[in-house]
Amino acid sequence: MSTADHSSFEILRQQFKSGMELTKACLSCHNLAAKQVRASSHWNWEMPNGRTGQMVGKRNVLNNTMMAISSNGPYCARCHISNDWKEEGFDYTAEDQVDCLACHDTTGTYASNKWHQLRVKCSACHVDWDKSKAREVVRKPNLSKLALQVGRPTVQSCGGCHFYADGGDGIKQGDLDSSLATASRHLDVHMAKDGLDYNCVTCHKTEHHQMRGSQYAPEGKDEHGMDVVEGSRATCESCHGLLPHPEGVNPKLNDHVDRIACQTCHIPALARGGRPTKTYWDWSTAGRVDDAGKDIVEKDEQGRVIYSSKRGGAQWAENLTPEYVWFNGQIDFTTLDDSIDPNGVVQLNSLAGSSDDPKARIWPVKVLRGKQPIDMEKATLVSASLFGKKDDGFWKTFDWPASIGAAMQAAGREFSGKVGFVETEMRIPVNHMIAPAEEALACESCHSRNGRMKDVEGLYMPGIGSVPILDKLFLTVALLALMGVLLHGVIRVISNRKKG
Amino acid sequence: MPEKILRFKRFERFWHWSQAALIIILLITGFEVHGIYSLFGFEQVVGYHKIAAWTLVGLWVFAIFWHFTTGEWEQYIPTLDRVDAMIKYYAVGIFKNAPHPFRHDPLRKHNPLQRLAYLFVLLVIGPTIWISGWFYLFYNTWPEYGLSTLKLEWIAVAHASGAYMILIFLIVHVYLITTGHTPTAHLKAMITGWEEIEEEKAHPEA
């Protein structure tokens with residue numbers, strides 16, 4: 001609980017005409033806050049990759065959803081925690097640009113209302129939307145009211161951006177969607193409204209506005225254990241310790257923690273809250289229009305968009321079984337500058353680790369597969385301008401060369417003009433939607449032939465069998481022995497009967 | 001009245017039947033652990049397999065003690081004497097109601113083929129299954145003994161191979177029970193201890 005009731009502060013009881021005015025009021029007391037925020041990855045969208053030094057973060061990486069932020073700036077930047085972001089000439093050092101409400105609004109309404117203030121066609125983002133609800137959603141945030149109810153971030157404050165990453169509710173992550181804001185115990189044992197009722201910052205503990213638990217700096221294996229003094233490091237171990245299973249349950253469970261991430265058993269499936277997550281995003285078919293030249297939207301029987309002219313083909317899943325990989329916490333990203341094999345399956349990121357690596361454990365991952373454009377001549381991945389108001393935005397023109405050219409120019413890269421498409425895969429380590437213990441995986445989920453670990457390399461465990469030829473050989477010999485003794489017995493009976 | 005000999009002593013019979021039950025339990029549960037079929041569920045079946053294994057360890061402690069204190073271990077000393085006669089008997093003689101080439105008595109309760117078979121069990125199957133099983137049980141303490149380079153897969157393959165050999169042994173063993181002078185003579189002997197000796201057809205050499 002906070003020790004301050006912000007609604008009684010004189011400085012907040014005024015008519016705010018802009019976010020910047022409100023920020024100045026915040027900073028009049030919290031005079032270090034802006035400096036701290038400006039050092040954060042939420043502000044910079046960029047950070048060095050722990051062990052390799054590769055600059056990562058939204059500004060630098062590519063994926064197979066909206067590909068990259070280059071030249072899509074104003075639209076992607078709706079989620080940037082600034083008051084008035086501009087593509088060119090934005091002053092990252094201006095303290096009054098820090099939008100305190102982006103995270104400290106506790107009503108859960110601000111982020112969405114703020115996004116929708118940019119006046120563009122609804123269809124620029126929404127493949128499919130309900131016009132009747134538009135008026136309700138697109139409402140100018142009332143800063144003067146919101147100023148009175150600031151506080152620690154709620155699930156909705158974080159979720160306002162993170163649930164909707166890469167184009168819609170639950171699309172990218174699979175373990176983060178708006179169902180977590182009203183989580184049941186079944187969906188997430190920590191965040192359950194009728195249970196522990198944790199919010200995001202209970203685990204992602206912040207200090208000086210620096211968040212813990214970044215996707216760009218995960219911990220494959222936390223060996224520090226429980227931290228009573230400092231609290232959560234956004235790892236399971238920081239609260240549950242290094243022997244997390246209590247006495248009274250199968251002692252074998254604690255023997256697993258050196259090689260199996262907690263998430264592997266305790267997140268049995270993704271997208272369990274009723275929101276599907278995307279499993280396949282095919283840009284190569286985007287841009288097809290009907291005879292009248294209008295956009296096409298095709299849905300499956302559950303109402304999921306499986307094709308749209310703007311986004312191409314899609315596949316979705318609920319209760320999705322994750323895939324499993326060895327992972328030691330290091331992720332390397334394929335960038336616009338890396339050469340790729342145009343005929344292969346391009347790994348947009350690679351999770352390091354193997355069975356021989358003591359720092360690696362088996363982790364669950366959401367895999368998003370897809371097809372995305374490349375520069376055929378240079379054999380590199382490309383970015384594309386999607387939203388652009390001018391004639392270079394793909395969603396206006398359906399012209400790949402023009403929209404890729406614009407994006408690559410904005411990113412300062414060459415583009416040959418020759419467009420191809422390549423299969424890509426992106427692996428996202430899974431951390432959220434922790435099921436209650438009784439819904440965790442059972443032993444035979446993995447310890448069985450065709451169990452969940454069947455594609456994990458360099459792994460033997462009881463139950464999956466080994467050297468199949470040996471099984472066949474011995475079973476054949478056993479069968480022959482059985483037939484042999486039966487035959488022997490039959491001959492005995494017959495020969496004795498003759499004599500008898 | 002046919003002659004009767006006490007072929008199996010009370011402890012021997014207790015050992016045999018409890019070991020038989022344990023081995024069958026171990027085979028059924030072990031092959032489920034190996035992933036051949038699904039019967040009890042992995043967590044349960046591993047528990048059952050471990051309990052049966054430790055019970056068998058306990059039983060063997062008693063059995064080894066018994067064999068050495070009674071001198072019965074000598075029954076397992078191998079001999080090649082008349083092995084050929086045994087093979088000939090099972091291959092030909094048995095169908096012609098020929099006399100058994102070997103006469104059991106309390107001092108020689110195993111025929112020469114049995115001695116060889118049990119020697120194989122003791123020298124090959126036993127060590128394979130016991131040593132690999134022991135490593136399996138203590139898998140999580142391997143690093144403490146400097147055994148980090150050992151692969152669980154090797155141990156599992158050895159253990160499963162031992163189990164298959166026991167299965168094959170069991171099939172032949174169960175059949176050979178019926179080859180006494182009546183089909184149930186050996187079985188009766190293993191239950192009551194007493195075996196009737198076929199006097200009129202007893203082997204002249206015996």
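Counting from 1, residues in each chain are numbered in the order their sequence is written. Chain labels run from A onward and ligand labels from 1 onward, assigned in the order the entries are written. Since the coordinates come from a predicted model, pLDDT governs what is reported: local features require at least 70, and pairs of side-chain atoms require 80 or more to be given and counted, while whole-chain, interface and lining totals use all residues. Side-chain calculation: all heavy atoms of the structure are included, whereas hydrogens and water are not.

*Asks:* It is not clear to me how the overall build of chain A should be interpreted in this structure. Could you clarify?
*Replies:* In this text, helices come from DSSP runs of H or I with a minimum length of four residues, and strands from runs of E with a minimum of two, each type numbered from the N-terminal end. Scanning chain A from terminus to terminus reveals 16 helices and 13 strands. Whether a residue is buried, partly exposed or exposed follows from its accessible area with a 1.4 Å probe, protein chains only, as a fraction of its type maximum: under 20%, in between, or over 50%, in that order. Taking all 500 residues of chain A together, the buried fraction comes to 47%. The long-range fraction of contacts in chain A, counting pairs at least 24 apart against all pairs at least 6 apart in sequence, stands at 69%. Computed with the Shrake-Rupley method and a 1.4 Å probe, the accessible areas treat only the protein chains shown as cover for residues. With an accessible surface of roughly 25200 Å², chain A has 55% of that area assigned to carbon and sulfur atoms. Charge assignment: positive for Lys and Arg, negative for Asp and Glu; neither His nor the chain ends contribute. Lysine's charge is taken at NZ, arginine's at CZ, aspartate's at CG and glutamate's at CD. On chain A, the mean spot of the 58 positive side-chain charges and the mean spot of the 61 negative ones are 4 Å from each other. The contact definition used throughout considers only heavy atoms, calling two residues in contact when any of these lie within 4.5 Å.

*Asks:* Where do I start with the domain arrangement of chain A in this structure?
*Replies:* A common way to report how large an interface is uses the accessible area buried once the components associate. When its domains are assigned, chain A resolves into domain 1 (6–221 + 258–446) and domain 2 (467–500). Domain segmentation is taken from an automatic or database assignment of domains. Look at where the C-alpha atoms of domain 1 of chain A and domain 2 of chain A centre, and you get two points 65 Å apart.

*Asks:* Would you mind going over the interface of chain B and chain A with me for this structure?
*Replies:* Contact residues are listed per partner, giving 29 residues for chain B and 29 residues for chain A. Accessible area, probed at 1.4 Å, shrinks when two parts are joined; the buried area is that loss added up over both. Summed over both sides, the interface of chain B with chain A buries roughly 2700 Å², with 63% coming from carbon and sulfur. Looking at the side of chain B facing chain A, the largest losses of area belong to B:F42, B:F95 and B:Y175, adding up to 25% of the total buried there. What counts as a salt bridge is simple: a side-chain nitrogen of Lys or Arg found within 4 Å of a carboxyl oxygen of Asp or Glu. Counting the contacts that link chain B with chain A gives zero salt bridges. The definition of a polar contact used here is a pair of N or O atoms within 3.5 Å, where within protein one atom must be able to donate a hydrogen and the other to accept one, and adjacent residues in sequence count solely through side-chain atom pairs. Taken together, the links from chain B to chain A amount to 15 residue pairs in polar contact (both at pLDDT 80 or more). Of all elements in the fold, only α2 (42–70) and α5 (152–176) of chain B reach the threshold of two or more residues within the side of chain B that touches chain A. Here the side of chain B that touches chain A gets twelve residues from one element, more than from any other, and that element is α5(B). Residues are grouped as follows: Ala, Val, Leu, Ile, Met, Phe, Trp, Tyr, Cys and Pro are nonpolar; Asp, Glu, Lys and Arg are charged; all remaining types, including Gly, are polar. Among the residues forming the side of chain B that touches chain A, the class breakdown is 17 nonpolar, eight polar and four charged.

*Asks:* Would you mind showing me how to read the packing of helix α1 (residues 10–33) of chain B against α5(B) here?
*Replies:* Packed helices, taken two at a time, are described by their axes: the angle between them and the distance between them. All names here are of chain B. At a minimum axis separation of 11 Å, α1 and α5 run at an interaxial angle of 130°. As the angle between them shows, α1 and α5 are arranged oblique. Along this stretch, α1 crosses α5, giving a crossing that reads as left-handed. Touching H16, I23, I24, L27 and F31 of α1 are A163, Y164, I166, L167, L170 and H173, all from α5. Taken together, the residues of the contact of α1 with α5 break down into nine nonpolar, two polar and no charged. With axes taken as lines fitted to C-alpha atoms, and helix axes fitted only over the stretch in contact, angles between N-to-C directions fall between 0 and 180 degrees. Angle categories: roughly parallel below 35 degrees, roughly antiparallel above 145, roughly perpendicular from 65 to 115, and oblique for all the rest. Note on convention: the crossing is left-handed when the near helix lies turned anticlockwise from the far helix by less than a right angle, right-handed when the turn is clockwise.

*Asks:* Before we go on, may I ask you to explain the pattern of salt bridges in this structure?
*Replies:* Two side chains bearing opposite charge may form a pair once their charged atoms approach each other closely. Residues and elements named next belong to chain A. Enumeration according to the criterion identifies 24 salt bridges over all chains in this entry. In this structure, the salt-bridge partner of E377 is K418, at a minimum N-O distance of 3.2 Å. With E377 in the loop between β11 (361–375) and β12 (380–381) and K418 in the loop between α14 (400–410) and β13 (419–429), this residue pair connects regions lying 41 residues apart in the sequence. Note on E377: relative accessible area 54%, which makes it exposed. Judged by relative accessible area, K418 falls into the partly exposed class, the value being 49%. For the salt bridge of E425 with R427, the shortest nitrogen-to-oxygen distance reads 2.9 Å. Given a relative accessible area of 12%, E425 falls into the buried group. Through salt bridges with shared partners, one network takes in E323, R369, E425 and R427.

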